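Observations on chain architecture
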Amino acid sequence: MQTRGAVIRQAPGKYEVVDLEVDDPGPGEIQVKMVASGLCHSDDHVATGDIPVGVYPFAGGHEGAGVVAKAGANNKGIKEGDHVVFSFLPSCGHCRWCASGMQNLCDLGAGLLAGSRWEDPTSYRLKLAGTDTPVGQMCGISTFVETTTVAQDSCVKVPEDIPLEVACLVGCGVGTGWGSAVNSGEVKPGDTTIVMGIGGIGINAVQGAAHAGASNIIAVDPVAFKREKAQELGATHAVETMEEATELAHQFTNGQGADQTIVTVGVVKPAMIGQAMASIRKAGTVVVTALGNIADTEPLPVSLADITLFQKRIQGALFGASNPNWDILRQLELYRSGVLKLDELVTKTYSLDEVAQGYQDMHDGKNIRGVIHY
C-alpha cells in the first residue's frame, strides 16, 4: 500500500516527507497505522551523521505507538485492532541476553541501523513510491511513517484505555531515562543524584530517581525552562552548570559527592564524563546514557587512580537496562496509578509534515519532548 514518511536522503541532511510504498506483513510481522511518535534526539543523530546507517534514503522514528492494521501469523497473539507500543530494541526472547533478563541487549539489536530486516540484509519493507529504491527503517520500525510494517519482536501489546499519544513515550525516552536511574544507577532511598541534561531522557531520569527515593535530585541544564520542568517532575534543585551541581552535592553529603551522576545531555563530549566523575563520591557511579558521534575516539579525561583507588564506576546504559516486554507495561501501569507522569512530558505536538520544525525546536531548547500526531 502507499503511505507517507519522513526520510533523510544523506547525512548530514534534514528530514523530508515523501510518498512511500509499504509491504504487507509476512509471518512474524505486523503492519501498524501510527497514532503518535516521539521526536527523540537519536533520530537527529542519524540526520547529522553522528550515527551512520546502512542505506539511504532512511526513514526515521523509533519511539511510537499505533493500532494494528494487519497481522501476519505471530506467536505473540497480536491481531488486527490491537494497540501496540514499539520497543526500539527488539527482543527475540531466546538469545543469551533475553534468556538472562537483559532484553535490551538482544542479539537482534545488531541490525538496528542496517535499515533492512535483521534476518535478511537484502530485504526491505519500504521503498520510494513508484520506484524500486529501498528505504531503510530506523530500528526496523520507522515511526515517522504513517503506516509501517515491523517484526513482532518490536511490538508490545498495551491496554486500549491508555492514550497512545503519550503511551508512545515509553518506547524509548521514558524507559531510557527511568532505567538509567533505577536500573543502571541503582538509585536508593536517601541518595544524592545529579542528572546532567534535561531533555526527553533526563526528565525521566529525574522521575526515576524521585520514585526510587533519592533525597536530593540535582537537575543540570543551561535552559531555564528545562530546569523549571525538572523541579515540577521531582528534582529538588536545578542549576545551570556541573560546577554548581557538584558543590551542592558536596554540601548535602559532608563533602563526599553525589551517589550517582547520570549523563543525559543531547550530544555527549568526553569532557562531560570527566565532570561527572569529579562530582561523585567514592564507590559512586557515572551513568553514561547520552550519545554523540559514535566514531569519536577522543580519550576520556578520567583519572585511573579515581577508578582504582576510589572505586568509582562508569556504567553505560542502553534503554536504561530495560526489559521492554515487561517494563513498557509496568511503566504504563505506573502512569495509570499517577506515579509516572507522561502527559506533562509533551511540550508540543506536530504533524508529520512539521518533523523538521520539531527538531529545530529541540535544538532551540524549546521542548522537553515533541510528539507527532497522525
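In this text, all values refer to a predicted model and were calculated from it rather than measured experimentally. (Residues numbered from 1 in each chain as written. Predicted model: local features only at pLDDT ≥ 70, side-chain atom pairs only at ≥ 80, totals over all residues. Heavy atoms only, no water.)

Details of the pairing of strand 5 (residues 64-71)
Here strand 3 (residues 29-38) pairs with strand 5 via seven bridges, running antiparallel. Within the sheet, the bridge partner assigned to V32 lies in strand 5 and is V68. Here three bridges tie strand 5 to strand 6 (residues 83-86), and the two strands are oriented antiparallel to one another. Pairing of A65 across the sheet is with V85, part of strand 6. (Pairing = 2+ DSSP bridges. Helix = DSSP H or I, 4+ residues; strand = E, 2+ residues; numbered from the N terminus.)

Remarks on unusual backbone geometry
Cis geometry marks the peptide bond from A11 to P12, where omega comes out at -5°. Residue position: P12 is located in the loop between strand 1 (2-8) and strand 2 (16-22). Residue P57 is bonded to the preceding Y56 through a cis peptide linkage, with omega at 0°. Mapped onto the elements of the fold, P57 is located in the loop between helix 1 (41-48) and strand 4 (58-59). The phi dihedral of C139 falls on the positive side, at around 55°, and the residue is not glycine. Relative to the helices and strands, C139 resides in the loop between strand 8 (134-137) and strand 9 (147-151). Residue C139 is classed as buried on the basis of its relative accessible area of 4%. A positive phi is found at A321, a non-glycine position, where the angle reads about 55°. (Buried < 20%, exposed > 50% of the residue type's maximum accessible area, 1.4 Å probe, protein only.)

So, the packing of helix 7 (residues 242-252) against helix 8 (residues 270-279)
Following both chains from N to C, one finds helix 7 and helix 8 inclined at 15°, their axes separated by 9 Å at the closest point. With respect to each other, helix 7 and helix 8 are oriented roughly parallel. Considering only the axes of helix 7 and helix 8, their crossing is right-handed. Facing M242, E243, T246 and A249 of helix 7, the residues of helix 8 in contact are Q275, A276, A278 and S279. (Axes fitted to C-alpha atoms, helices over the stretch in contact; angles between N-to-C directions. Parallel < 35°, antiparallel > 145°, perpendicular 65-115°, else oblique. Left-handed = near helix turned anticlockwise from the far one by under 90°. Contact = heavy atoms within 4.5 Å.)

Some thoughts on the side chain of K226
Relative to the elements of secondary structure, K226 occurs in helix 6 (residues 224-232). D221 provides the closest opposite charge to the buried, unpaired K226, separated from it by 4.6 Å. Those residues in contact with K226 that sit more than four places away from it in its chain are I198, D221, G365, N367 and I368. (Lys, Arg positive; Asp, Glu negative; His and termini not counted. Salt bridge = Lys/Arg side-chain N within 4 Å of Asp/Glu carboxyl O.)

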